[in-house]
Amino acid sequence: MKKILLILLATAALSPAWSQNIALGERAPEIKIQKWLDGREPAEAPMTYVEFYHSSNRASTSSIERLRKLSEELGDGLRVVILVREPERKIAQQLAPYLSPHLGVGFDPNGKLFAAYGVSYVPFGVLLGPRGRALWMGNTLQLTPEIIEKSK
């Protein structure tokens, strides 16, 4: 019984490392999006924030509103990409009001980008620098303009 308990504890301790595919300061997987909601790709900016989203999570919806405000506040300095695995017909009405020149919704129908980033919960996001390096990651509700400014 003790051996089984030790194995379970070791597995639980290591599981966050297994689910994390990126590290701060390292190059993150490239964000290649084939289809954008309403064909509206956000403008390029020195920093990109990738938000992994699912409509069933209420905190994800709160994070989208927060990101819209951040993108307006930071203007040309921040590009926000909301990444969804859900079909367009399911989320279009919910997310279309948030689209702007700096915020776009991209589709990841097969979940390849979710897997490449090791996303196991939402809301979760990654702040990327000009060279695609991960500068910050975590729960989007914790992201502040100060964090973004310090990451430059």
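Everything below is about the structure shown above.
Throughout what follows, the structure given in this document is the object of discussion. (Residues numbered from 1 in each chain as written. Predicted model: local features only at pLDDT ≥ 70, side-chain atom pairs only at ≥ 80, totals over all residues. Heavy atoms only, no water.)

Right, let's talk about the environment of Glu41 for a bit. Along the chain, the position of Glu41 falls in the loop between α1 (2–19) and β1 (47–53). Judged by relative accessible area, Glu41 falls into the partly exposed class, the value being 47%. C-alpha separation for the pair Glu41 and Ser100, spaced 59 residues apart in sequence, amounts to 9.0 Å. Once residues within four sequence positions are removed from consideration, Glu41 is found in contact with Trp36 and Arg79. A distance of 3.0 Å separates polar atoms of two side chains, one belonging to Glu41 and the other to Arg79. (Helix = DSSP H or I, 4+ residues; strand = E, 2+ residues; numbered from the N terminus. Buried < 20%, exposed > 50% of the residue type's maximum accessible area, 1.4 Å probe, protein only. Contact = heavy atoms within 4.5 Å. Polar contact = N/O pair within 3.5 Å; in protein donor to acceptor, adjacent residues only side chain to side chain.)

Turning to the sheet that holds strand β3 (residues 103–107), a few remarks are in order. Strand order in this open sheet of five strands is β3-β2-β1-β4-β5, and the pairing throughout is mixed. Each end of this open sheet is capped by a strand with a single partner; those strands are β3 and β5 (134–138). Direction aside, neighbouring strands of the sheet carry axes that sit 20° apart on average. Note: strand β2 (residues 78–84) against β3, five bridges, orientation parallel. Each bridged residue has a counterpart across the sheet, and for Val84 the counterpart in β3 is Phe107. Lying on the sheet, helix α2 (residues 58–74) is in contact with β1, β2 and β3; it crosses β1 at an angle near 165°. Here helix α3 (residues 88–95) sits on the sheet and contacts β1, β2 and β3; the angle it forms with β3, its principal contact strand, is near 170°. (Pairing = 2+ DSSP bridges. Axes fitted to C-alpha atoms, helices over the stretch in contact; angles between N-to-C directions.)

So, on to the pairing of strand β4 (residues 124–128). In terms of burial, β4 is largely enclosed, as five of its five residues are buried. Covered by surrounding structure in β4 are Phe124, Val126 and Leu128 together with Gly125 and Leu127, the residues of both alternating faces. Direction of pairing for β1 relative to β4: antiparallel, over a ladder of five bridges. Each residue of the ladder has a partner; that of Tyr49, found in β4, is Leu127.

With that settled, the discussion passes to the side chain of Thr140. Of note, Thr140 is situated in the loop between β5 and α5 (145–151). When its relative accessible area of 0% is taken as the criterion, Thr140 is described as buried. Looking at Thr140, its side chain comes within polar contact range of the side chain of Tyr49, at 2.8 Å. Apart from the residues within four sequence positions on either side, Thr140 is in contact with Tyr49, Glu51, Ser63, Arg66, Leu67, Pro123, Phe124 and Gly125.

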